[in-house]
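As a plain string of letters, each chain reads:
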Amino acid sequence: ILPIELASGTREINIPANAKWAQSGATIAGGHRQGDATNQLNEPCGLFVDDDQTVVIADYENHRIMQWKNGDTTNGQIVAGDEGAGNGLHQLQYPTDLLIDKETDSLIICDPGNRRVVRWSRRSGTTQDEVRRYQLGENNYTLVAGGNGQGDGLNQLNRPTYLFVDRQQNVYVPDCYNNRVMKWTKGAKEGIVVAGGQGKGGAMTQLSYPNGIFVDTLSTLYVADTRNHRVMRWTQEDKKQGGVIVGGNRQGAGANQFQYPFGLSFDRHGNLYVTDINNNRVQRFSVE
């Protein structure tokens, strides 16, 4: 079992149904080419935005977690890792995602290179423990989606990447190689296609290798449509067709462009944050 993504449904964000975002993003982390300096990132993946708009980023190829405070786009701070790739308690290996656990003031980090999830104290800057990992063969886990072999049936998945769990315990999964997003209600034997599922492509009905997702309080779905270099919104009223909210201006490094958007999140004001993996930056798009 290779942990890639943590369940992102840890808070509710209220976003108006008719919300629009600035089409040019502001680089709030990285953007200084690929590297390991404190003003650089190297293939950023998942991210988490705290209530004070501090952004914490899984800096994949640098084997570290970076923190960028609101208003300081010059340099970030290393808050976990940076001891080289390894399996020591002070090391990470290709981290892909993270959450902030407010109760323990710690980071919960997906560390797939070490096949583990770790808790990292924000106070002491050290790993506290390895989060409990359920092994196949034990009786204390429940299958909630897929598990019927690789395929494109409604009871199957093909390279699920991200994960979002809402307050009703519905599980949303980007089914990357099937170019769709699936929703599994609690106890369901089959999923429901809530975005894409019309083959790989760039039409408003299609996705191309979707990754990061977010679901707001209106059950509106937001998707990082990675190989279409755009972020899309799919409403409950129209699951057959989505709309582009940012990007979609061909692949590039402009303020209105992406090169493989991967992770996304929102702050409590509704501003959108996107990890732009091949531009080695995080973009913030202000809600209007």
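Residues numbered from 1 in each chain as written. Predicted model: local features only at pLDDT ≥ 70, side-chain atom pairs only at ≥ 80, totals over all residues. Heavy atoms only, no water.

As annotated in an unreviewed UniProt entry, the chain carries the name NHL repeat-containing protein and comes from Rotaria socialis.

### What to know about the UniProt feature "repeat: NHL" (unreviewed entry) in the chain
According to UniProt, the "repeat: NHL" (unreviewed entry) feature falls on residues 252-288. For residues 252-288, the end-to-end C-alpha separation is 24 Å, with 0% helix and 43% strand making up the annotated structure. (UniProt positions renumbered as here; feature names shortened; annotations may be inferred. Helix = DSSP H or I, 4+ residues; strand = E, 2+ residues; numbered from the N terminus.)

### Focus on the sheet that holds strand β4 (residues 64-68)
Across the sheet, which stays open at both edges, the four strands sit in the order β2-β3-β4-β5 with antiparallel pairing between neighbours. At either end of the open sheet lies a strand with only one pairing partner, and these are β2 (44-49) and β5 (77-81). Adjacent strand axes in the sheet meet at a mean angle of 25°, parallel and antiparallel pairs treated alike. Two elements, strand β3 (residues 55-59) and β4, share five bridges in a ladder whose sense is antiparallel. Considered in β4, the bridge of Asp59 is made with Arg64. (Pairing = 2+ DSSP bridges. Axes fitted to C-alpha atoms, helices over the stretch in contact; angles between N-to-C directions.)

### Section: the pairing of strand β8 (residues 116-121)
The buried count for β8 comes to six of six residues, which makes it a mostly enclosed element. Side chains Arg116, Val118 and Trp120 project from β8 onto one buried face, and the interleaved Val117, Arg119 and Ser121 project onto a second face that is buried too. The sheet contact formed by strand β7 (residues 106-111) and β8 spans six bridges and is antiparallel. The residue bridging Cys110 from the neighbouring strand is Val117, located in β8. Hairpin connection between β7 and β8: a loop of four residues separates the two successive antiparallel strands, and Arg115 in this loop has a positive phi of roughly 50°. (Buried < 20%, exposed > 50% of the residue type's maximum accessible area, 1.4 Å probe, protein only.)

### Some words on the pairing of strand β20 (residues 281-285)
Among the five residues in β20, four count as buried, and that is most of the element. Inspection of the sheet shows strand β1 (residues 26-30) paired to β20 by four bridges, in the antiparallel sense. Paired with Thr27 across the bridge in β20 is Gln283. As paired elements, strand β19 (residues 272-276) and β20 share five bridges and run antiparallel to each other. Of the residues in β20, the one forming a bridge with Asp276 is Arg281. Remark: four residues form the turn of the hairpin made by β19 and β20, two consecutive strands paired antiparallel; Asn280 in that turn has positive phi of roughly 50°.

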